[in-house]
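Here is how the chains run, residue by residue.
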Amino acid sequence: MVRSAGVLLWRRRDGEVEVLIGHMGGPFWACKDDGGWSLPKGEHGREEEPSAAARREFEEELGLPLPAGDLVPLGDVRASSGKVLTAWAVEGDLDVDAVRPGTFPLEWPPRSGRVQEFPEIDRAAWVTVDVARSKLVKGQVPLLDRLLATLG
């Protein structure tokens, strides 16, 4: 089973909870908006502590360190691919204009033999929880309700 870990960064603005999400990079997601966003996350091996992987992946995907704060567990969700994502919430803030995403290699076009680098995410945004419900990939939406439940 493939496992990944991530962080749902959140803040309050004008009395509403906002979450930081990133639009997934690469050619598959280029024209997809609704359902094409994710919290910063990535795969990890059995030997790596999931919370450490979540912190590492946040920095790799955004090019910025995770703001200081307590990791609040949000539990696991399963993607349609079968991958299990373990997530935490952290209250904090960061400037999305400062995001400098990492990249990943991908053979593109398929079977061309040509490997290109694509950004992990091509943009990041602060959105309300209601907006995030339509933007996030389906498997991550339950994390929003878990976040709201922890906030009371």
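Residues numbered from 1 in each chain as written. Predicted model: local features only at pLDDT ≥ 70, side-chain atom pairs only at ≥ 80, totals over all residues. Heavy atoms only, no water.

Engineer: What's the story with the overall build of the chain in this structure? I'm lost.
Structural biologist: Counting its regular elements, the chain contains three helices and nine strands. Taken from the N to the C terminus, the helices and strands of the chain come in the order β-β-β-β-α-β-β-β-β-β-α-α. On C-alpha atoms alone, the chain measures out to a radius of gyration of 15 Å, which is about the 15 Å that the 2.2 N^0.38 rule sets for 152 residues. Seen through its principal axes, the chain has C-alpha atoms that stretch 50 × 35 × 25 Å. Looking at the chain as a whole, 44% of its 152 residues are labelled buried. Contacts in the chain between residues far apart in sequence, at least 24 positions, make up 64% of those at least 6 positions apart. In the chain, 19 positive and 25 negative side-chain charges are present, and the distance between their average locations comes to 6 Å. (Helix = DSSP H or I, 4+ residues; strand = E, 2+ residues; numbered from the N terminus. Rg over C-alpha atoms; globule rule 2.2 N^0.38 Å. Buried < 20%, exposed > 50% of the residue type's maximum accessible area, 1.4 Å probe, protein only. Contact = heavy atoms within 4.5 Å. Lys, Arg positive; Asp, Glu negative; His and termini not counted. Charge placed at Lys NZ, Arg CZ, Asp CG, Glu CD.)

Engineer: Please explain unusual backbone geometry as it appears in this structure.
Structural biologist: Most peptide bonds adopt trans geometry, and most residues besides glycine take a negative phi value. With omega at -5°, the peptide bond leading from Trp108 into Pro109 counts as cis. As for its position among the elements, Pro109 is in the loop between β7 (103-107) and β8 (115-119). Look at Asp14: it is not a glycine, yet its phi comes out positive at around 50°. Among the structural elements, Asp14 can be located in the loop between β1 (3-13) and β2 (16-24). The class of Asp14 is exposed, set by a relative accessible area of 82%. Of note in this structure, Arg111 is not a glycine but carries a positive phi near 60°.

Engineer: What's the story with the nonpolar core in this structure? I'm lost.
Structural biologist: Side chains of nonpolar character tend, in soluble globular proteins, to be buried together. Core analysis: the largest hydrophobic core is formed by 21 residues, its most contacted members being Leu8, Val19, Leu74, Leu143, Leu144 and Leu147. Breaking this core down by element, the ones donating at least two residues are β1, β2, β5 (72-78), β6 (84-91), β9 (121-128), α2 (129-135) and α3 (142-151). When residues no more than four places from it in sequence are discounted, the contact partners of Leu144 are Leu8, Val19, Val129, Ala132, Arg133 and Leu136. One finds Ala5, Phe58, Leu66 and Ile121 within the second-largest nonpolar core, a separate group that totals 17 residues. (Core = buried A, V, L, I, M, F, W, Y, C linked by side-chain atoms within 4.5 Å.)

Engineer: Just to check I follow, could you spell out the environment of Leu39 for this structure?
Structural biologist: Mapped onto the elements of the fold, Leu39 is located in the loop between β3 (37-38) and β4 (41-44). By relative accessible area, which is 1% here, Leu39 ends up buried. When the C-alpha atoms of Leu39 and His23 are compared, they prove to be 8.8 Å apart, with 16 residues separating the residues in sequence. Sequence-distant contacts of Leu39, defined by excluding residues within four places in its chain, comprise Gly6, Val7, Leu8, Glu61, Leu85, Leu136, Gln140 and Leu143.

Engineer: Could you clarify how one ought to interpret the side chain of Arg11 in this entry?
Structural biologist: Topologically, Arg11 is positioned in strand β1. Residue classification places Arg11 among the buried residues on the basis of a relative accessible area of 14%. For Arg11, the side chain forms a polar contact with the side chain of Glu18, separated by 2.7 Å. Polar side-chain contacts of Arg11 include one of 2.8 Å to the side chain of Asp93. When residues no more than four places from it in sequence are discounted, the contact partners of Arg11 are Glu16, Val17, Glu18, Gly92, Asp93 and Trp126. (Polar contact = N/O pair within 3.5 Å; in protein donor to acceptor, adjacent residues only side chain to side chain.)

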